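What the coordinates show
Now for the letters of each chain:
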Amino acid sequence: MTLVERFLKYVTFDTQSSELTGITPSTPGQMVFAEYLKTELEALKLEDITLDEYGYLFATLPANTDKKLPTIGFIAHMDTSPDMSGKNVKPQIIKEYDGGDIVLNKENKIVLSPVQFPELLDHKSEDLIVTDGNTLLGADDKAGIAEIISAIVYLKEHPEIKHGKIRIGFNPDEEIGEGAHKFNVEQFACDWAYTMDGGEVGELEFENFNAASAKITFKGRNVHPGYAKNKMINSIRVANQFIDMLPECEAPEHTESYEGFYHLIGIQGEVEQTTVSYIIRDHDRVKFENRKKEVERIVKYINEKYGEGTATLELRDQYYNMREKIEPVMHIIDIAFDAMKLAGVEPKVKAIRGGTDGAQLSFKGLPCPNIFAGGLNFHGRYEFVPIQSMEKAMNVIIKIAELIANK
Ligand SMILES: [Zn+2]
């Protein structure tokens, strides 16, 4: 099977994950796909193939040299986004894309156009895999799976390329933020790994937000409004005062690149009690800690003003920037950089304004930056992947393996 054949086969599996079931894998289709992939890895005669009860599929391509080399891993996720159906995906291949509109679905007048999606023009004259407009495509992250397996096959067929032990890992439930939770890092046993789960060609990510959530409950004092003078405390007004004391410009709608924020995500209130919920984000750990201190400081101020116990704060860290874990092993980024250049790809380092499974894995002891898989417009009907981008990602994997053996 070729890279493209593999990809087209994988997208026929409905592996949409769900936030609602509370089990792992969150949906049975993911296990069906995992079992299929397992048979494929067996047919390829990989070693140490394991599929655990949670749907984590691991396998090994043994080293083909006696040289003492680190064991590295490549990881991709099997699920697709809960945002849109991944059932009955009917991919279409647009050969040598001409830069114009692509009619995905004539009947429903669904068009993939460079007017809305100018990134299409970066892929003129390439061959694009698109949807039929009714589902997402699932290049996120089945492109990653196809690239990893195809690279492994290439390495098997080219024994003249020396490499160390390579582990591959396919996990469920990345799209619901659970991909790393039950990932058995000890069993995977790699010195480091790469997730093949980025977007555009060249993307290389090893920074993400530090993240916390804050819930502040304001207690008021309700009194008949006719007799309320000097007695009533309206918790809605107190909450509003709190909200106003956080800098207005440090919100998602006013920030980009390395700028952090306080994001008000919910408010629920009556005179007697009002609750506000925030998420706090910053790439910089010191600034992140300061943001949390700022929230604590304002809560203290409110309590001094209205009486102790007016405001109570629940502050909880959610995840941290993986940069902290990558910096001591920066050579793993250098290798990815060099591999991209050898594969004719210009590396584009980008800080993720969110979290990533790789961050959780990094804090579990497996340093794990993210490399592009080539797809674009994830999580919807306009998702597409250029075949040439998938080939480049596959070549980056091969070059990484090769470079490590040559060091
Ligand atoms: Zn993904």
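Report on the accompanying structure. Because the structure is predicted, anything quoted here is derived from the model rather than measured.

Calculation criteria
Residues numbered from 1 in each chain as written. Predicted model: local features only at pLDDT ≥ 70, side-chain atom pairs only at ≥ 80, totals over all residues. Heavy atoms only, no water. Donors = N, O, S within 2.8 Å, 3.2 Å for Na, K, Ca; no water. Helix = DSSP H or I, 4+ residues; strand = E, 2+ residues; numbered from the N terminus. Buried < 20%, exposed > 50% of the residue type's maximum accessible area, 1.4 Å probe, protein only. Pairing = 2+ DSSP bridges. Axes fitted to C-alpha atoms, helices over the stretch in contact; angles between N-to-C directions. Parallel < 35°, antiparallel > 145°, perpendicular 65-115°, else oblique. Left-handed = near helix turned anticlockwise from the far one by under 90°. Contact = heavy atoms within 4.5 Å. Nonpolar A, V, L, I, M, F, W, Y, C, P; charged D, E, K, R; others polar.

Regarding the coordination of the zinc ion
At 1.9 to 2.7 Å from the zinc ion lie its protein donor atoms, namely His77 (NE2), Asp140 (OD), Asp197 (OD) and Asp197 (OD). As a motif over one chain, the donors of the zinc ion read H-x62-D-x56-D. You can see His77 sitting in strand β3 (residues 72-77) and its partner Asp197 sitting in strand β9 (residues 192-198), a full 120 residues away along the chain. For the residue pair His77 and Asp197, the accessibility class agrees, reading buried in each case.

Examining the pairing of strand β5 (residues 102-105)
Sheet analysis places β5 next to strand β6 (residues 110-112), joined by three bridges and oriented antiparallel. Across the sheet, Ile102 pairs through a bridge with Leu112, a residue of β6. Between β5 and β6, which pair antiparallel one after the other, the connecting turn spans four residues, and Lys109 there sits at a positive phi close to 55°.

Concerning the packing of helix α1 (residues 3-10) against helix α3 (residues 139-157)
For the pair α1 and α3, the least separation of the axes is 9 Å and the interaxial angle reads 140°. In terms of orientation, α1 lies oblique with respect to α3. Note on packing geometry: the crossing formed by α1 with α3 is right-handed. Side by side, α1 and α3 meet where Leu3, Arg6, Phe7 and Tyr10 of the first sit next to Ala139, Lys142, Ala143, Ile145, Ala146, Glu147, Ile149, Ser150 and Val153 of the second. Class assignment for the residues of the contact of α1 with α3 results in nine nonpolar, one polar and three charged.

A look at the sheet that holds strand β17 (residues 385-386)
Taking strand neighbours across the sheet as the criterion, the three strands line up as β4-β7-β17 in an open arrangement whose pairing is antiparallel. Each of the sheet's edge strands pairs with one partner strand only, and the pair in question is β4 (92-94) and β17. In the sheet, strand β7 (residues 128-130) pairs with β17 via two bridges, with the strands oriented antiparallel. Bridging from a neighbouring strand, Leu128 pairs with Pro386 of β17. Across the sheet, α1 is in contact with β4, β7 and β17; its angle to β7 comes to roughly 5°.

Comments concerning the environment of Ile216
Within the secondary structure layout, Ile216 lies in strand β11 (residues 210-219). Taking the C-alpha atoms as reference points, Ile216 and Thr275, 59 residues apart in sequence, are found 5.7 Å from one another. Once residues lying within four places of it in the same chain are set aside, the contact partners of Ile216 are Phe242, Thr274, Thr275, Val276, Tyr278, Val295, Val299, Ala311, Thr312 and Leu313.

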